[in-house]
Amino acid sequence: MKELVVKTSSQTEFVEITERVQRVVGESGVEGGVCMVFVPHTTAGITINENADPDVVSDMIYALDKAAPWKDSHYRHGEGNTAAHVKSSMIGHSAQVFVRDGKLQFGTWQGIFLCEFDGPRTRKVWVSILK
C-alpha cells in the first residue's frame, strides 16, 4: 500500500488525483490487476467522474450542497460538520479501477477525485494494487 498526501484549500473541493495514482501503479510494476483507492476520513470521499469539463465538478458540488446544506437547525452533531459527514457517505470512501499493461483503465473523460467536504485540510489517500 502507498499513501498519498493531498492538501486541500477550500471547505468543499474536488482534487483530481488520477496522475498521482497512475504513478503508484507504474512504480508497482504490476501489468494487470485492480487498483484500489481509499480515503480514511469521515468527511472526505473518493469518486470517479468526468475530468474534462470543470463545470461537472461545480455541478457536483452544487448538487451535494443542495442535498446536504452546511447549516440546518435539525443537525445534532456537536462539531458542526454534519453536512461533510453526509456528503462523504453519499460519495463513498473508495474506488476500484482495472489495470492493464501497467495503465489505469478509464472510459472517456474519467478521472479519480479526492472529494473534500470539511477543509481545508491535509488528507491521506491509500492506494493498493492487486494482481
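Further up the page is the structure itself.
Described below are features of the structure shown in this document. A quick note: this is a predicted structure, and the numbers were derived from the prediction, not measured.

Digging into the overall build of the protein chain
Looking only at helices and strands, the protein chain has 3 helices and 8 strands in total. Each helix and strand of the protein chain, ordered N terminal to C terminal, gives the series β-β-α-β-β-α-α-β-β-β-β. On C-alpha atoms alone, the protein chain measures out to a radius of gyration of 15 Å, which is about the 14 Å that the 2.2 N^0.38 rule sets for 131 residues. The dimensions of the protein chain, computed from C-alpha atoms along their principal axes, are 50 × 30 × 20 Å. Counting over 131 residues, the protein chain shows a buried share of 41%. Of all intrachain contacts in the protein chain linking residues separated by at least 6 positions in sequence, the fraction that spans at least 24 positions is 82%. On the protein chain, roughly 7500 Å² of surface is accessible, and the fraction owed to carbon and sulfur atoms is 51%. Charge-centre separation for the protein chain: the mean point of 14 positive side chains lies 7 Å from the mean point of 16 negative side chains.

A word on the side chain of E116
Following the sequence through the fold, E116 ends up in strand β7 (residues 110-116). Of the residues examined, E116 reaches a relative accessible area of 0% and is grouped as buried. Here D118 takes part through its backbone nitrogen, which lies 2.8 Å from a polar atom of the side chain of E116. At 3.1 Å, the side chain of E116 forms a polar contact with the backbone nitrogen of G119.

Observations concerning the sheet that holds strand β8 (residues 122-130)
Reading across from one edge, β1-β8-β3-β5-β6 is the order of the 5 strands in this open sheet, with antiparallel pairing throughout. The strands lining the two open edges of the sheet, one partner per strand, are β1 (2-7) and β6 (103-104). Here 5 bridges tie strand β3 (residues 32-38) to β8, and the two strands are oriented antiparallel to one another. Pairing of C35 across the sheet is with I129, part of β8. Sheet strands in contact with helix α1 (residues 18-28) are β1, β3, β5 (94-100), β6 and β8, and its direction is about 160 degrees off that of β1.

Focus on the pattern of salt bridges
Counted by the stated rule, this structure contains 3 salt bridges. Where R123 meets E116, a salt bridge forms, and the shortest distance between an N and an O atom there is 2.7 Å. For R123, a relative accessible area of 3% translates into the label buried. Note that R121 and D118 form a salt bridge whose closest N and O atoms lie 2.7 Å from each other.

A word on unusual backbone geometry
For the bond running from G119 to P120, omega is 0 degrees, close enough to zero to count as cis. Here P120 shows up in the loop between β7 and β8. A positive phi angle, close to 55 degrees, is found at D101, a residue other than glycine. With respect to the secondary-structure elements, D101 resides in the loop between β5 and β6.

What counts and what doesn't
Residues numbered from 1 in each chain as written. Predicted model: local features only at pLDDT ≥ 70, side-chain atom pairs only at ≥ 80, totals over all residues. Heavy atoms only, no water. Helix = DSSP H or I, 4+ residues; strand = E, 2+ residues; numbered from the N terminus. Rg over C-alpha atoms; globule rule 2.2 N^0.38 Å. Buried < 20%, exposed > 50% of the residue type's maximum accessible area, 1.4 Å probe, protein only. Contact = heavy atoms within 4.5 Å. Areas by Shrake-Rupley, 256 points an atom, 1.4 Å probe, with all protein chains shown as cover. Lys, Arg positive; Asp, Glu negative; His and termini not counted. Charge placed at Lys NZ, Arg CZ, Asp CG, Glu CD. Polar contact = N/O pair within 3.5 Å; in protein donor to acceptor, adjacent residues only side chain to side chain. Pairing = 2+ DSSP bridges. Axes fitted to C-alpha atoms, helices over the stretch in contact; angles between N-to-C directions. Salt bridge = Lys/Arg side-chain N within 4 Å of Asp/Glu carboxyl O.

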